[in-house]
Amino acid sequence: MNWRDFWNRENPIYVNERHRVLHYDRIARGIAELVDAPGWSALDHGSGEALSSDLVARRCGLLYLFDAAPNVQARQRMRFEYNRKIIVLTNESLDAIPDGSLDMVVANSLLQYLSHQEFETLLDFWRGKLKSDGKLVLADILPATPDALADVRALLHFAWQGGFFFAACAGLVSTWFSDYRQLRSSLGLTGYAESDLRVLLSAHGFEGTRARKNLGHNQSRMMMVARVKG
């Protein structure tokens, strides 16, 4: 099993439906705040279920959603079938996005599942698809030395605020015995130091700065906002 297979089926990441809904609602509201002007074309790369993407689409002229898991793509098509501002992409249609056409690309909680080489390949891909003044948002980036306890504290705080605290406690136990932990041990997760990420972005045509806050509930993780270099 690889990470795409894991996300292509039911998994224990969200402890219940309330957790899942609140998570995607918070992410969507955060992405919407990053849209600087009405009519922007944006790509949410590695979008997951993207339950609340209609909130982002209201601020955009066109919103592309891409997730590598085919089952996730199918559910997105059903969910946003009648929203003309949202286009759910396949691998083939992702490549077909016109070069230089996007105002913004968002990759939230994606880098951790990519190798360094995969990430660098995507940086070049995104650089080609973005406009000359385009914006790249890399969010929920794991630190170079991940802090599992910080992740647990962030989840429990979010759960307490969101009304699913006891479900979250039970979910942490379930995750410990799940194949997510086994995959994390065997495949690993990729983290970055801020300085290393700046250098990597610069090498691929971007100038990045660290954002004041991360998307979502976990503020122990990092968000970088990068602009295409002239």
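Residues numbered from 1 in each chain as written. Predicted model: local features only at pLDDT ≥ 70, side-chain atom pairs only at ≥ 80, totals over all residues. Heavy atoms only, no water.

**Q** Can you break down the overall build of the protein residue by residue, with the values?
**A** Counting its secondary structure elements, the protein contains 10 helices and seven strands. Against the compact-globule benchmark of 17 Å for 230 residues, the protein has a radius of gyration of 17 Å, which places it among compact chains. The dimensions of the protein, computed from C-alpha atoms along their principal axes, are 50 × 45 × 35 Å. For the protein, buried positions account for 48% of its 230 residues. Carbon together with sulfur atoms contributes 54% to the accessible area of the protein, which is approximately 11,400 Å² in total. (Helix = DSSP H or I, 4+ residues; strand = E, 2+ residues; numbered from the N terminus. Rg over C-alpha atoms; globule rule 2.2 N^0.38 Å. Buried < 20%, exposed > 50% of the residue type's maximum accessible area, 1.4 Å probe, protein only. Areas by Shrake-Rupley, 256 points an atom, 1.4 Å probe, with all protein chains shown as cover.)

**Q** Please give an account of helix H7 (residues 148-162) that cites residues and values.
**A** Two residues of an α-helix separated by three or four positions point the same way, owing to the 3.6 residues in each turn. Its 15 residues give H7 an end-to-end C-alpha distance of 21 Å, which sits within 8% of 21 Å, the value for a rise of 1.5 Å per residue. Buried within H7 are the following residues: Ala 150, Asp 151, Ala 154, Leu 155, Phe 158, Ala 159 and Gly 162. The N-cap residue of H7 is Asp 147: its side-chain oxygen and the backbone nitrogen of Leu 149 are 3.2 Å apart. Positive phi shows up at Gly 163, right after H7, with a value of about 80°. (Expected span 1.5 Å × (residues − 1). Polar contact = N/O pair within 3.5 Å; in protein donor to acceptor, adjacent residues only side chain to side chain.)

**Q** Describe the pattern of salt bridges, and please don't skip the residues or the numbers.
**A** Inspection of every chain in the model, using the stated rule, returns 13 salt bridges. Note that Arg 29 is salt-bridged to Asp 25, the shortest N-O span being 2.9 Å. With Arg 29 and Asp 25 both in helix H2 (residues 17-33) and four residues apart, this pair spans about one turn of that helix. Relative accessible area serves as the criterion here: at 47%, Arg 29 is assigned to the partly exposed category. For Asp 25, a relative accessible area of 22% corresponds to the partly exposed category. A salt bridge links Arg 58 to Asp 54, with the nearest nitrogen and oxygen atoms 3.7 Å apart. Under the relative-accessibility criterion, Arg 58 is labelled exposed at 61%. Owing to a relative accessible area of 26%, Asp 54 belongs among the partly exposed residues under this scheme. (Salt bridge = Lys/Arg side-chain N within 4 Å of Asp/Glu carboxyl O.)

**Q** Account for empty space enclosed by the protein, with residues named and values stated.
**A** Inspection of the entire model under this criterion finds two cavities of 30 Å³ or more. The computed volume of the largest cavity comes to approximately 60 Å³. Around the largest cavity, the lining residues are Tyr 24, Ile 27, Ala 28, Ile 31, Asp 44, Ser 47, Ala 50, Leu 51, Ser 52, Ser 53 and Val 56. At the level of elements, H2 and helix H3 (53-57) are the ones that each hand at least two residues to the lining of the largest cavity. A total of four residues in the lining of the largest cavity trace back to one element, the largest contributor, which is H2. Looking at side-chain class alone, the lining of the largest cavity contains seven nonpolar, three polar and one charged residues. Taken as a whole, the second largest cavity encloses approximately 30 Å³ of empty space. Residue lining of the second largest cavity: Ile 31, Ala 42, Leu 43, Asp 44, Val 56, Leu 63, Leu 65, Met 104 and Val 106, and that is the complete set. Secondary structure elements with two or more residues in the lining of the second largest cavity: strand E1 (40-45), strand E2 (60-66) and strand E4 (102-108). Per-element accounting of the lining of the second largest cavity gives the leading share, three residues, to E1. Here the residues of the lining of the second largest cavity sort into eight nonpolar, no polar and one charged. (1 Å grid on protein atoms, 1.4 Å probe; cavity = no way out; pocket = protein on both sides within 12 Å on 5 of 7 lines; lining within 4 Å. Points joined across faces, edges and corners; volume = space filled by probe spheres on them. Nonpolar A, V, L, I, M, F, W, Y, C, P; charged D, E, K, R; others polar.)

**Q** I'd love a proper account of the layout of surface pockets, names of residues and values included.
**A** When its volume is computed, the second largest pocket comes out at roughly 230 Å³. Around the second largest pocket, the lining residues are Arg 26, Arg 29, Gly 30, Glu 33, Leu 34, Ala 211, Lys 213, Asn 214, Leu 215, Gly 216, Gln 219 and Met 223. At four residues, the largest contribution of residues to the lining of the second largest pocket is made by H2. Across the lining of the second largest pocket, the residue classes tally to four nonpolar, four polar and four charged.

**Q** Summarise the packing of H2 against H7; cite the residues concerned and give the values.
**A** Where H2 meets H7, the axes come as close as 11 Å, and the angle between the chain directions of the two elements is 100°. In terms of axis orientation, H2 runs roughly perpendicular to H7. Packed against H2, whose contacting residues are Arg 18, His 19, Leu 22, His 23 and Arg 26, the element H7 presents Leu 155, Phe 158, Gln 161 and Gly 162 at the interface. (Axes fitted to C-alpha atoms, helices over the stretch in contact; angles between N-to-C directions. Parallel < 35°, antiparallel > 145°, perpendicular 65-115°, else oblique. Contact = heavy atoms within 4.5 Å.)

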